[in-house]
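# Structural overview
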Amino acid sequence: MKRLLPLLLLLAAACASAPTAAPTAAPAPTTDRVDAVPAQLAVIQAVARKTGVPVDQVRVISTEGVYWPDACLGLPPTEAACAAVVTPGFRIVVEAGGARYRYHTDQAGLTALEAPAEARLTWHREGGLAGFCDVLSVTTTGEAQAGACNAEPQMFQLTEAELAQLQQWAQAYGGVVVVIGDPGTADSMLLSLEMN
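Summarised in this report is the structure supplied together with it. The model shown is predicted, which means the values in this text are computed figures rather than measured ones.

### A word on the layout of surface pockets
Estimates place the volume of the largest pocket at around 240 Å³. Put simply, the parts of the chain that give the lining of the largest pocket at least two residues each are β1 (59-68), β2 (87-96) and β3 (99-106). By residue number, the principal contributor to the lining of the largest pocket is β1, which donates 4 residues. Here the residues of the lining of the largest pocket are counted per class, giving 2 nonpolar, 5 polar and 5 charged. Its volume calculated, the second largest pocket comes out at about 180 Å³. Surrounding the second largest pocket, Cys 72, Leu 75, Pro 76, Pro 77, Thr 78, Ala 80, Ala 81, Cys 82, Leu 113 and Glu 114 form its lining.

### Digging into the sheet that holds β1
Within the open sheet, the 4 strands sit side by side as β1-β2-β3-β4. Their pairing is antiparallel. Each edge of the open sheet is held by one strand with a lone partner, namely β1 and β4 (112-115). Geometrically, the sheet is characterised by an average inter-axis angle of 25° between neighbouring strands, direction not taken into account. Bridging between β2 and β3 involves 8 bridges; their strand directions are antiparallel. Bridging across to β3, Val 93 finds its partner in Arg 102.

The rules behind the values
Residues numbered from 1 in each chain as written. Predicted model: local features only at pLDDT ≥ 70, side-chain atom pairs only at ≥ 80, totals over all residues. Heavy atoms only, no water. 1 Å grid on protein atoms, 1.4 Å probe; cavity = no way out; pocket = protein on both sides within 12 Å on 5 of 7 lines; lining within 4 Å. Points joined across faces, edges and corners; volume = space filled by probe spheres on them. Helix = DSSP H or I, 4+ residues; strand = E, 2+ residues; numbered from the N terminus. Nonpolar A, V, L, I, M, F, W, Y, C, P; charged D, E, K, R; others polar. Pairing = 2+ DSSP bridges. Axes fitted to C-alpha atoms, helices over the stretch in contact; angles between N-to-C directions.

Function cannot be inferred from these measures alone, as they are strictly geometric.
Pasting the structure below:
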């Protein structure tokens, strides 16, 4: 027992001084293509079904690993409520037939939901004696709408060069909000531009 006591004390001291590993969070989803392939394939197949574009002509533009705040993958619930459980997955943008589509997926690619495109640039003009009211909206995927406020807007897709220019402006200038107006006159005009 006398020989065992020093050995136990030495072992206890060694264990007490050994650094303990800090608790780690779950590993972040990776943007590595090997890990994202099932999710990318799910999105490619969903877009091919939706558009009729052959699977081999759907091109993956970007894949970003994210933690969605819920089982609805960060999107509004469609039919039933979704569990408030953090869900690892991907934000994937693909191109098919000249249009871009954004999808949210879980990590395994078992669920792939189309996400509405987010506005990147909005412009609005209103006022004047003639009563102008015009709007322009461009999304992060290059989908654009333009027209009079009270009419059906024209829809079009930016070219690759135009979308690259918009992204270059966003990186150079960041978030911008410009409002110009001259209220109080009969022909007042209000112009606003927002880029995020």
